[in-house]
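# Understanding the architecture of this molecule
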Amino acid sequence: MPIPLPKPECAKDSLYHMQNGEMIWEILETSLKLKLFDHTQLSVSPENLASALKAHPKNLGFFMDALASLDFLEKKDGQYLNSPLARSFLVSTSPTYQGNVLLTMHAKQKQLLNGGLRKLVLEGPQKVRQDPEKRADPQKWGNMARLLAQIQASGQAQTVVEFVKTLPEAEKLNKMLDVGAGPGLLGIALAQALPGLECLLFDQAPVVPFAEKSISQYQMQDRVQTMAGDYSQDPIGEGYDLILASLTLEFFKDRLAEVLTRFKTALNSQGLMLIITGTLTQEKTKPTEQLLSWLPGVLNNEQMMFEPGQIEQTLQQVGFVSLETRPLPGFISPHGPLTAFVGRKP
C-alpha cells in the first residue's frame, strides 16, 4: 500500500527568507561604507559610478541590481537613482541620515555572530552584571546624543507632536520638562507646535551641549532652556504641566516608583506624565524587533526591558490617575515599536 507524502502544517518560505538576512545587511553595510547613496542622488550608470568609487564596473552593476531588488535604488534604462527610502535616510548629508545609527546598532550585535550566541546559550553570561544606572558611560553620551539627533529628527519628534495634540490638555500646556532629553528635538518640536509652551531639556552634563546646539539650530532660544544633572536625584524644578520621559526610564527600572514620585511632585495639579518606551507581551515573546535588539544585553545580564504591565502599575501605585496607553506607530526606534503611557496628577 502506498505511503502518503507528509503534509506540513505551514509554509516554509519564512525559513528560506531568514538565510538572506546576513547578506541583506552586508549589502546595506557595504553601500553605507562606500557612501554609494551620496552618488546616486541623480541618475547614474554603474560604468560612470565605478570611476568615482574606484570599483569594478561589471560587479558594481550586479551589486546595484541587488540594491534595486531591495528597494534602495530605482533602475530605469540602465540608470540608477535613490529610492525615497534611500533619499530620506541613507544619504550622508541628509538631516535624517540613519547610516551611523544602523552601523552602531549592528556593531552591538556582532558579539552574537560566528558562535558568540551559541557560547552565551551554553555557558551563560560572559560579563559581570552592571548597575543599570552606571551602564551608560558619561564619556559615551556625546556619541549617543549625535545618533539620537538623527533618530529624533527622522520621525520621532513629529510623532510626539501629533500625539500630544490629541490630548485634551494640549492647548493648556505652558511649561514642560523633557528628562533624558538627549539632543532635545522632542521638546523643541513640542515648543514649536504649541506657541505658549516653554520647555526645559534635562540631561547629563556631557549631553547638554548637544541640546544647546539643537536649540540654536532651530532658533528656539526664547522658549527652550537646558539643565544638567541626574534627574533621579538632582533638583529638576517644579510647576510643570507636562513631563516627558522618552526611552530613558529604562536606566531606573528598579527604582521606577521613586523616580515617578519625584516627577509627580514636580507637576502641577492635572499635570501630565508622558512615558515613551517599549513594551513586551505578557509571555515576553513579542515584539520581535525589541527582543532581538536587546538580546545581546539580556544574555549578558544587562536587562533593561520593563516587565509587562510595570509602567501602568507603577504609575497607578504612585498616584497618577486617568491612565492611557497607546501605541506610537510613527515613533520608529532602532529597538522596534514603542508605546506611549500617560498619567495625570490629581
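Analysis parameters
Residues numbered from 1 in each chain as written. Predicted model: local features only at pLDDT ≥ 70, side-chain atom pairs only at ≥ 80, totals over all residues. Heavy atoms only, no water. Pairing = 2+ DSSP bridges. Helix = DSSP H or I, 4+ residues; strand = E, 2+ residues; numbered from the N terminus. Axes fitted to C-alpha atoms, helices over the stretch in contact; angles between N-to-C directions. Phe/Tyr/Trp six-rings, centres within 6.5 Å; stacked < 30°, edge-to-face > 60°. Lys NZ or Arg CZ within 6 Å of the ring centre and 35° of its normal. Patch = residues over 30% accessible without salt bridge, like charges linked within 9 Å, V, L, I, M, F, W, Y side chains within 5 Å. Areas by Shrake-Rupley, 256 points an atom, 1.4 Å probe, with all protein chains shown as cover. Salt bridge = Lys/Arg side-chain N within 4 Å of Asp/Glu carboxyl O. Contact = heavy atoms within 4.5 Å.

Time to look at the sheet that holds strand β4 (residues 198-203). Backbone hydrogen bonds are what pair the strands of a sheet, in a parallel or an antiparallel way. In space, the 7 strands of this open sheet follow the order β5-β4-β3-β6-β7-β9-β8, with mixed pairing throughout. Edge positions in the sheet fall to β5 (224-228) and β8 (321-333), since each has one partner strand and no second. Neighbour-to-neighbour, the strand axes of this sheet turn through a mean angle of 20°, independent of strand direction. Bridge count between strand β3 (residues 175-179) and β4: 5 bridges; the pairing is parallel. When the sheet's bridge partners are listed, L177 is paired in β4 with L200.

Turning our attention to the packing of aromatic side chains. In the structure shown here, the tally under the stated rule is 3 aromatic pairs. What links up through ring pairs into an aromatic cluster is the set Y231, F252 and F263. Its guanidinium or amino end placed over the ring of Y240, K175 lies 4.9 Å from that ring's centre, counting from NZ or CZ.

Let's shift gears to a nonpolar patch on the surface. Residues L15, Y16 and M18 make up a contiguous nonpolar surface patch of roughly 370 Å² in combined accessible area. Its location among the elements puts L15 in helix α1 (residues 13-18).

Position of T325 among the secondary structure elements: in strand β8. For the pair formed by T325 and L147, sequence separation is 178 residues and the distance between their alpha carbons is 27 Å. The residues touching T325, leaving out its near neighbours within four places in the chain, are E312, T339, A340 and F341.

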